[in-house]
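What follows is the residue order along each chain.
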Amino acid sequence: MKYFIGTDHAGFLVKPFVIEFLEKKGIEVEDLGTYSTESVDYPDFAHKVAKAVLDNEGSKGILICGTGIGMSLAANKHKGIRAALCHDAYTAEMARRHNNANILCFGERVVGKGVIESILNAWLNAKFEGGRHQRRVEKIDNF
Ligand code: RB5
(Lines give C-alpha, C1' and ligand atoms only; values in the text may rest on other atoms or scores of the structure.)
Protein backbone atom coordinates (compact mmCIF):
# COMPACT_ATOMS: atom_id res chain seq x y z
CA MET A 1 0.00 0.00 0.00
CA LYS A 2 1.53 3.28 -1.13
CA TYR A 3 0.62 6.70 0.20
CA PHE A 4 1.08 10.01 -1.62
CA ILE A 5 1.32 13.02 0.66
CA GLY A 6 0.93 16.68 -0.20
CA THR A 7 0.77 19.87 1.80
CA ASP A 8 0.85 23.59 1.26
CA HIS A 9 3.05 25.91 3.36
CA ALA A 10 0.51 25.72 6.22
CA GLY A 11 0.78 21.93 6.39
CA PHE A 12 4.48 21.66 5.67
CA LEU A 13 5.85 21.60 9.22
CA VAL A 14 3.87 18.58 10.40
CA LYS A 15 4.54 16.58 7.23
CA PRO A 16 7.80 14.90 8.42
CA PHE A 17 5.95 13.69 11.52
CA VAL A 18 3.23 12.09 9.39
CA ILE A 19 5.71 10.54 6.95
CA GLU A 20 7.78 9.06 9.79
CA PHE A 21 4.64 7.70 11.47
CA LEU A 22 3.59 5.91 8.27
CA GLU A 23 7.07 4.66 7.39
CA LYS A 24 7.49 3.17 10.87
CA LYS A 25 4.43 1.08 10.07
CA GLY A 26 6.13 -0.16 6.90
CA ILE A 27 4.06 2.03 4.57
CA GLU A 28 5.74 3.47 1.49
CA VAL A 29 5.25 7.24 1.24
CA GLU A 30 5.93 9.55 -1.69
CA ASP A 31 6.14 13.24 -0.89
CA LEU A 32 4.66 15.36 -3.69
CA GLY A 33 5.46 18.71 -2.03
CA THR A 34 5.49 21.46 -1.07
CA TYR A 35 9.08 21.42 0.11
CA SER A 36 9.37 24.63 2.15
CA THR A 37 7.28 27.13 4.12
CA GLU A 38 7.23 29.53 1.16
CA SER A 39 3.64 30.47 0.40
CA VAL A 40 2.02 28.28 -2.28
CA ASP A 41 -1.49 27.48 -3.51
CA TYR A 42 -3.05 24.39 -1.90
CA PRO A 43 -5.02 23.28 -5.02
CA ASP A 44 -1.74 22.62 -6.87
CA PHE A 45 -0.84 19.94 -4.31
CA ALA A 46 -4.36 18.60 -3.91
CA HIS A 47 -4.54 18.01 -7.69
CA LYS A 48 -1.08 16.36 -7.74
CA VAL A 49 -2.00 13.91 -4.98
CA ALA A 50 -5.47 13.23 -6.39
CA LYS A 51 -4.01 12.39 -9.83
CA ALA A 52 -1.33 10.16 -8.28
CA VAL A 53 -3.94 8.23 -6.29
CA LEU A 54 -6.09 7.75 -9.40
CA ASP A 55 -3.07 6.68 -11.50
CA ASN A 56 -1.77 4.15 -8.94
CA GLU A 57 -4.39 1.53 -8.19
CA GLY A 58 -4.73 0.72 -4.52
CA SER A 59 -2.79 3.76 -3.36
CA LYS A 60 -4.12 6.40 -0.99
CA GLY A 61 -3.34 10.01 -0.18
CA ILE A 62 -2.90 12.43 2.68
CA LEU A 63 -3.40 16.16 2.19
CA ILE A 64 -2.63 18.76 4.84
CA CYS A 65 -3.15 22.51 4.72
CA GLY A 66 -4.00 25.01 7.44
CA THR A 67 -7.53 23.74 7.95
CA GLY A 68 -7.69 20.81 5.53
CA ILE A 69 -10.76 22.43 3.95
CA GLY A 70 -9.16 23.75 0.77
CA MET A 71 -7.35 20.49 0.16
CA SER A 72 -10.52 18.42 0.50
CA LEU A 73 -12.54 20.78 -1.72
CA ALA A 74 -9.92 20.63 -4.48
CA ALA A 75 -9.23 16.89 -4.29
CA ASN A 76 -12.94 16.05 -4.43
CA LYS A 77 -13.20 17.69 -7.87
CA HIS A 78 -11.58 14.51 -9.25
CA LYS A 79 -13.99 11.73 -10.21
CA GLY A 80 -13.03 8.68 -8.17
CA ILE A 81 -11.49 10.66 -5.35
CA ARG A 82 -13.20 10.55 -1.97
CA ALA A 83 -11.27 12.98 0.19
CA ALA A 84 -12.42 13.07 3.81
CA LEU A 85 -11.67 15.96 6.15
CA CYS A 86 -11.17 14.35 9.56
CA HIS A 87 -10.17 16.01 12.80
CA ASP A 88 -10.93 13.11 15.13
CA ALA A 89 -10.43 9.36 15.20
CA TYR A 90 -14.13 8.50 14.86
CA THR A 91 -14.64 10.32 11.58
CA ALA A 92 -11.32 8.97 10.26
CA GLU A 93 -12.46 5.41 11.04
CA MET A 94 -15.90 5.95 9.47
CA ALA A 95 -14.40 7.63 6.41
CA ARG A 96 -12.75 4.29 5.64
CA ARG A 97 -15.49 1.92 6.86
CA HIS A 98 -18.49 3.62 5.25
CA ASN A 99 -17.16 6.04 2.64
CA ASN A 100 -14.14 4.13 1.34
CA ALA A 101 -12.29 7.43 1.42
CA ASN A 102 -9.03 7.30 -0.50
CA ILE A 103 -7.58 10.60 0.68
CA LEU A 104 -7.36 11.76 4.29
CA CYS A 105 -7.28 15.53 4.84
CA PHE A 106 -6.68 17.48 8.01
CA GLY A 107 -5.45 20.87 9.12
CA GLU A 108 -2.07 21.47 10.72
CA ARG A 109 -3.56 24.54 12.43
CA VAL A 110 -6.43 22.50 13.87
CA VAL A 111 -4.97 19.36 15.44
CA GLY A 112 -1.82 18.55 17.41
CA LYS A 113 0.45 15.56 17.02
CA GLY A 114 -1.37 13.37 19.56
CA VAL A 115 -4.68 13.79 17.74
CA ILE A 116 -2.97 13.29 14.37
CA GLU A 117 -1.60 9.96 15.61
CA SER A 118 -5.06 8.85 16.72
CA ILE A 119 -6.55 9.93 13.38
CA LEU A 120 -3.90 8.00 11.44
CA ASN A 121 -4.28 4.88 13.56
CA ALA A 122 -8.07 4.92 13.20
CA TRP A 123 -7.81 5.45 9.43
CA LEU A 124 -5.19 2.73 8.93
CA ASN A 125 -6.91 0.12 11.10
CA ALA A 126 -10.35 0.53 9.51
CA LYS A 127 -11.50 -1.38 6.43
CA PHE A 128 -14.23 -0.52 3.93
CA GLU A 129 -17.36 -2.55 4.75
CA GLY A 130 -18.77 -2.70 1.21
CA GLY A 131 -22.36 -3.95 0.88
CA ARG A 132 -24.87 -1.09 1.04
CA HIS A 133 -21.97 1.33 1.41
CA GLN A 134 -20.57 0.26 -1.97
CA ARG A 135 -23.86 1.26 -3.65
CA ARG A 136 -23.83 4.62 -1.88
CA VAL A 137 -20.21 5.32 -2.70
CA GLU A 138 -20.92 4.54 -6.39
CA LYS A 139 -23.72 7.12 -6.33
CA ILE A 140 -21.23 9.83 -5.37
CA ASP A 141 -19.77 9.77 -8.86
CA ASN A 142 -22.87 8.60 -10.75
CA PHE A 143 -25.58 11.23 -10.66
C1 RB5 B 1 -3.31 29.13 3.86
O2 RB5 B 1 -3.23 30.32 4.58
C3 RB5 B 1 -4.65 28.46 4.14
O4 RB5 B 1 -5.68 29.21 3.58
C5 RB5 B 1 -4.67 27.06 3.60
O6 RB5 B 1 -3.61 26.35 4.16
C7 RB5 B 1 -5.90 26.23 3.89
O8 RB5 B 1 -6.23 26.27 5.23
C9 RB5 B 1 -7.04 26.44 3.00
O10 RB5 B 1 -8.08 25.76 3.09
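Look a little higher up for the structure.
A few points on the structure. Please read all numbers here as calculations on a predicted model, not as lab measurements.

1. Some details on the site of the ligand
Working step 1: Surrounding the ligand, one finds Asp8, His9, Ala10, Tyr42, Cys65, Gly66, Thr67, Ile69, Gly70 and Arg109.
Working step 2: In the model, an oxygen atom of the ligand is placed 2.6 Å from a nitrogen or oxygen of the Asp8 side chain.
Working step 3: Residue composition of the shell around the ligand, grouped by class: four nonpolar, four polar and two charged.

2. Some words on the pattern of salt bridges
Working step 1: In this structure the tally under the stated criterion is six salt bridges.
Working step 2: Across the pair Glu28 and Lys2 runs a salt bridge, and its minimum N-O distance is 3.6 Å. A residue pair is termed long-range when its members are at least 10 positions apart, and Glu28 in strand 2 (residues 28-31) and Lys2 in strand 1 (residues 2-7) qualify at 26 residues.
Working step 3: Residue classification places Glu28 among the partly exposed positions, given a relative accessible area of 47%.
Working step 4: The residue Lys15 makes a salt bridge to Asp31 at a minimum N-O spacing of 2.8 Å.

3. What about the nonpolar core?
Soluble globular proteins: nonpolar side chains tend toward being buried together.
Working step 1: Counting residues in hydrophobic clusters, the biggest one holds 25 residues, and the most contacted among them are Val18, Leu22, Ile62, Leu104, Phe106 and Ile116.
Working step 2: Where this core is concerned, the elements lending two or more residues are strand 1, helix 1 (15-24), strand 3 (60-65), helix 4 (89-97), strand 5 (103-107) and helix 5 (113-125).
Working step 3: What Ile116 contacts, discounting residues up to four positions off in sequence, is Val14, Phe17, Val18, Phe106 and Val111.
Working step 4: Judged by nonpolar contacts, the second largest core, of 17 residues, contains Val49, Cys65, Ala74 and Cys105.

4. Side note on the packing of aromatic side chains
Working step 1: Tallying each qualifying case throughout the model produces zero aromatic pairs.
Working step 2: Seen from the ring of Trp123, Arg96 lies directly overhead, with NZ or CZ sitting 5.8 Å from the centre.

Basis of the calculations
Residues numbered from 1 in each chain as written. Predicted model: local features only at pLDDT ≥ 70, side-chain atom pairs only at ≥ 80, totals over all residues. Heavy atoms only, no water. Near = heavy atom within 4 Å. Polar contact = N/O pair within 3.5 Å; in protein donor to acceptor, adjacent residues only side chain to side chain. Nonpolar A, V, L, I, M, F, W, Y, C, P; charged D, E, K, R; others polar. Salt bridge = Lys/Arg side-chain N within 4 Å of Asp/Glu carboxyl O. Helix = DSSP H or I, 4+ residues; strand = E, 2+ residues; numbered from the N terminus. Buried < 20%, exposed > 50% of the residue type's maximum accessible area, 1.4 Å probe, protein only. Core = buried A, V, L, I, M, F, W, Y, C linked by side-chain atoms within 4.5 Å. Contact = heavy atoms within 4.5 Å. Phe/Tyr/Trp six-rings, centres within 6.5 Å; stacked < 30°, edge-to-face > 60°. Lys NZ or Arg CZ within 6 Å of the ring centre and 35° of its normal.

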